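Below, each chain spelled out in residue letters.
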Amino acid sequence: MFSIERQFGFTHLSNLVNIPVMRPKDIVNTQEACRLLGISRPTLYVWIEQGKVKPWGQLGGHEAWFFMRKEVLRVKEQGRKYERTRVSA
C-alpha cells in the first residue's frame, strides 16, 4: 500500500502545496544556456567557477551541466559580460 507519509516524509497533505513544480521547459542544458546568454561554452564554465551563474545540477561527466531557465534569464537581465581574470606579475 502506498503511503505518502512513508514515501515522502509528509504528515499532512497541506504540506505539499509549497513544493515547486518543475517542468522540462524549466531546465536548460549547457548548449541552450550558452545560446540564451550569447556566450561560448568555455565562458560559461568560467562563469560557473566565478559564481556568476549557478548550475542546477550535473549529470555524468564534467560537461553535462543543467540550469534553471529562470537563473539563466536572471543572469542575462543583469547584462553580465565576460571578464578575464587578471594575472598579477
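Novice: Help me out: how do you make sense of the environment of R41 in this one?
Specialist: For R41, the position within the fold is in helix 3 (residues 41-50). C-alpha of R41 to C-alpha of Q31: the two residues are ten residues apart in sequence and 7.4 Å apart in space.

Novice: What am I meant to see in the sheet that holds strand 3 (residues 65-68) here?
Specialist: Pairing between the strands of a sheet is mediated by backbone hydrogen bonds and can be parallel or antiparallel. With antiparallel pairing, three strands are arranged side by side in an open sheet as 1-3-2. This sheet does not close on itself; its edge strands, each paired only once, are strand 1 (27-29) and strand 2 (57-58). As defined by bridge partners, strand 1 adjoins strand 3 across three bridges and the pair is classed as antiparallel. Residue pairing for strand 3: N29 is matched across the bridge by F66. Contacting strand 1 and strand 3, helix 2 (residues 30-37) runs over the sheet at an angle of about 95° to strand 1.

Novice: Got a minute to help me understand the packing of helix 2 against helix 3 in this structure?
Specialist: Axis angle and axis distance: for two packed helices, these are the angle between their axes and the distance between the axes, and together they describe the pair. With their axes 10 Å apart at the nearest point, helix 2 and helix 3 run at an angle of 95° to one another. The pairing of helix 2 with helix 3 is recorded here as roughly perpendicular in orientation. Where helix 2 abuts helix 3, its residues T30, Q31, A33, C34 and L37 lie against R41, L44, Y45 and W47. Partitioning the contact of helix 2 with helix 3 into residue classes produces six nonpolar, two polar and one charged.

Novice: What should I look at first to understand the nonpolar core in this one?
Specialist: The tendency in soluble globular proteins is for nonpolar side chains to be buried side by side. Counting residues in each nonpolar core, the largest one holds 14 residues, and the members touching the most others are L37, L44, V53, F67 and V72. Counting only elements with at least two residues in this core, the list comes to helix 2, helix 3, strand 3 and helix 4 (69-77). Ranked by the residues each element gives to this core, the list is headed by helix 2, at four residues.

Novice: Looking at this structure, I do not really get the environment of Q58. What am I missing?
Specialist: Mapped onto the elements, Q58 comes out in strand 2. Residue Q58 is classed as partly exposed on the basis of its relative accessible area, which comes to 39%. Along the chain, Q58 and N29 lie 29 residues apart, while their C-alpha atoms are 9.6 Å from each other.

So, how was this worked out
Residues numbered from 1 in each chain as written. Predicted model: local features only at pLDDT ≥ 70, side-chain atom pairs only at ≥ 80, totals over all residues. Heavy atoms only, no water. Helix = DSSP H or I, 4+ residues; strand = E, 2+ residues; numbered from the N terminus. Pairing = 2+ DSSP bridges. Contact = heavy atoms within 4.5 Å. Axes fitted to C-alpha atoms, helices over the stretch in contact; angles between N-to-C directions. Parallel < 35°, antiparallel > 145°, perpendicular 65-115°, else oblique. Nonpolar A, V, L, I, M, F, W, Y, C, P; charged D, E, K, R; others polar. Core = buried A, V, L, I, M, F, W, Y, C linked by side-chain atoms within 4.5 Å. Buried < 20%, exposed > 50% of the residue type's maximum accessible area, 1.4 Å probe, protein only.

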